[in-house]
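The residues making up each chain are set out below.
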Amino acid sequence: MTVAILALQGAFVEHQHMLGRLGVQSFEIRQRQDLLKSFDSLIIPGGESTTIRKLICEFSMYDDIRERILGGTPVFGTCAGLITLSKEISGDVTDADPPLKLMDITACRNGYGRQLGSFFCRSDFVGKNIPMTFIRAPFIESAGPNVEILSTVDGKAVAARQRNMLVTAFHPELTDDTAVHEYFLSMSRTAPQT
Ligand code: GLN
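Since the model is a prediction, treat every value here as computed from it, not as a measurement.

Caption draft 1: Up close: the site of the ligand. Looking at the ligand, the residues that line it are Gly 46, Gly 47, Glu 48, Ser 49, Cys 79, Ala 80, Ile 83, Arg 109, Asn 110, Ile 135, Arg 136 and His 171. In this structure, Ser 49 approaches the ligand through a main-chain N or O atom, which is 2.5 Å from an oxygen atom. Arg 136 places a main-chain nitrogen or oxygen 2.8 Å from a nitrogen atom of the ligand. Here the ligand has 300 Å² of accessible area as a free molecule, and 98% of this is covered by the chains.

Here it is as structure tokens:
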């Protein structure tokens with residue numbers, strides 16, 4: 001199995017390390033051409049969603065990434081990646097570059113506040129109690145009927161799945177716990193080939 005990691009900006013190296021620990025091959029997507037390579041699933045990392053969205057548009061990757069995901073390729077968005085995959089953004093919206101509008105959620109950007117929004121806690125993710133690191137994180141403000149909420153913290157949804165799309169508002173790649181990546185890899189193994 002090979003996982004492609006969108007490496008335009010943000011915490012992509014940490015995902016590479018996590019996948020390496022799990023014995024899974026990965027490579028970086030830095031330009032449009034890289035999307036032509038063969039891969040089984042895709043990670044959109046945390047970082048600055050305004051920059052990631054801007055670069056996706058600037059590098060003409062918007063339609064290609066959307067088509068891949070609409071075609072069934074599993075995708076995992078962490079934090080800024082959650083915002084990038086969402087249908088709508090609320091909260092701290094600062095620019096015009098659109099999100100990919102794929103997952104039926106409204107992401108409240110910087111929902112915990114800009115400065116004081118970083119914290120650590122533990123909560124359940126698909127039946128496992130795991131460590132969660134939040135860094136100027138969004139939360140899921142609302143979700144459509146086809147979205148399954150996988151984790152909540154203080155009554156706010158912070159992990160969710162819709163068909164081939166998985167998102168977390170926190171950063172599992174910054175902890176030692178492999179549960180979320182293992183869950184994503186199992187989604188990737190069972191996805192129909194595209
Ligand atoms: N606040 C960032 C944004 O809006 C997300 C932070 C993160 O990915 N850790 O894009």
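Text resumes after the structure shown.
Caption draft 2: A look at the pattern of salt bridges. Counted by the stated rule, this structure contains seven salt bridges. One salt bridge connects Asp 176 with Arg 21, and the closest N-O pair in it is separated by 3.8 Å. Taken together, the positions of Asp 176 in the loop between strand 12 (165-168) and helix 5 (179-190) and Arg 21 in helix 1 (residues 12-21) put the pair 155 residues apart, joining distant regions of the chain. Each member of the pair, Asp 176 as well as Arg 21, is classed as exposed. Taking the shortest distance from any N to any O, the salt bridge between Lys 37 and Asp 34 comes out at 3.4 Å. Each member of the salt-bridge network shares a partner with another, and the members are Glu 48, Arg 109 and Arg 136.

Caption draft 3: Up close: the pairing of strand 8 (residues 128-134). Counting buried residues along strand 8, five of its seven residues qualify, which places the element largely inside the surrounding structure. By the bridge criterion, seven bridges tie strand 7 (residues 119-125) to strand 8 in an arrangement that is antiparallel. Each bridged residue has a counterpart across the sheet, and for Cys 121 the counterpart in strand 8 is Met 132. The hairpin turn running from strand 7 into strand 8, its antiparallel successor, is two residues long, and Val 126 in that turn takes a positive phi close to 45 degrees.

Caption draft 4: Layout of helix 3 (residues 62-70). Along helix 3, the residues that are buried comprise Tyr 62, Ile 65 and Ile 69. The buried residues of helix 3 all sit within an arc of 80 degrees when viewed along its axis, so they share a single face. Taken together, the buried residues of helix 3 touch strand 1 (2-6), strand 3 (41-44), helix 2 (49-58), strand 4 (75-78), helix 4 (80-85) and strand 12. Following helix 3 by one or two positions, Gly 72 adopts a phi angle in the positive range, close to 115 degrees.

Caption draft 5: Seen up close, the packing of aromatic side chains. What the rule picks out here adds up to eight aromatic pairs. A centroid spacing of 6.1 Å and a plane angle of 65 degrees characterise the contact between Phe 27 and Phe 39, whose relative ring orientation is edge-to-face. Linking Phe 27 in strand 2 (residues 25-29) with Phe 39 in the loop between strand 2 and strand 3, this pair joins segments that are 12 residues apart in sequence. Summarising the burial analysis for this pair, Phe 27 and Phe 39 share the class buried. Grouped by ring-pair contacts, the aromatic residues Tyr 112, Phe 119, Phe 134, Phe 139 and Phe 170 constitute a single cluster. Across from the ring centre of Phe 139, 4.9 Å away, lies the NZ or CZ of Lys 156, which sits over that ring.

Cut-offs used in this document
Residues numbered from 1 in each chain as written. Predicted model: local features only at pLDDT ≥ 70, side-chain atom pairs only at ≥ 80, totals over all residues. Heavy atoms only, no water. Near = heavy atom within 4 Å. Polar contact = N/O pair within 3.5 Å; in protein donor to acceptor, adjacent residues only side chain to side chain. Areas by Shrake-Rupley, 256 points an atom, 1.4 Å probe, with all protein chains shown as cover. Salt bridge = Lys/Arg side-chain N within 4 Å of Asp/Glu carboxyl O. Helix = DSSP H or I, 4+ residues; strand = E, 2+ residues; numbered from the N terminus. Buried < 20%, exposed > 50% of the residue type's maximum accessible area, 1.4 Å probe, protein only. Pairing = 2+ DSSP bridges. Arc of directions from axis to C-beta. Contact = heavy atoms within 4.5 Å. Phe/Tyr/Trp six-rings, centres within 6.5 Å; stacked < 30°, edge-to-face > 60°. Lys NZ or Arg CZ within 6 Å of the ring centre and 35° of its normal.

That's the geometry; what it means functionally is another story.
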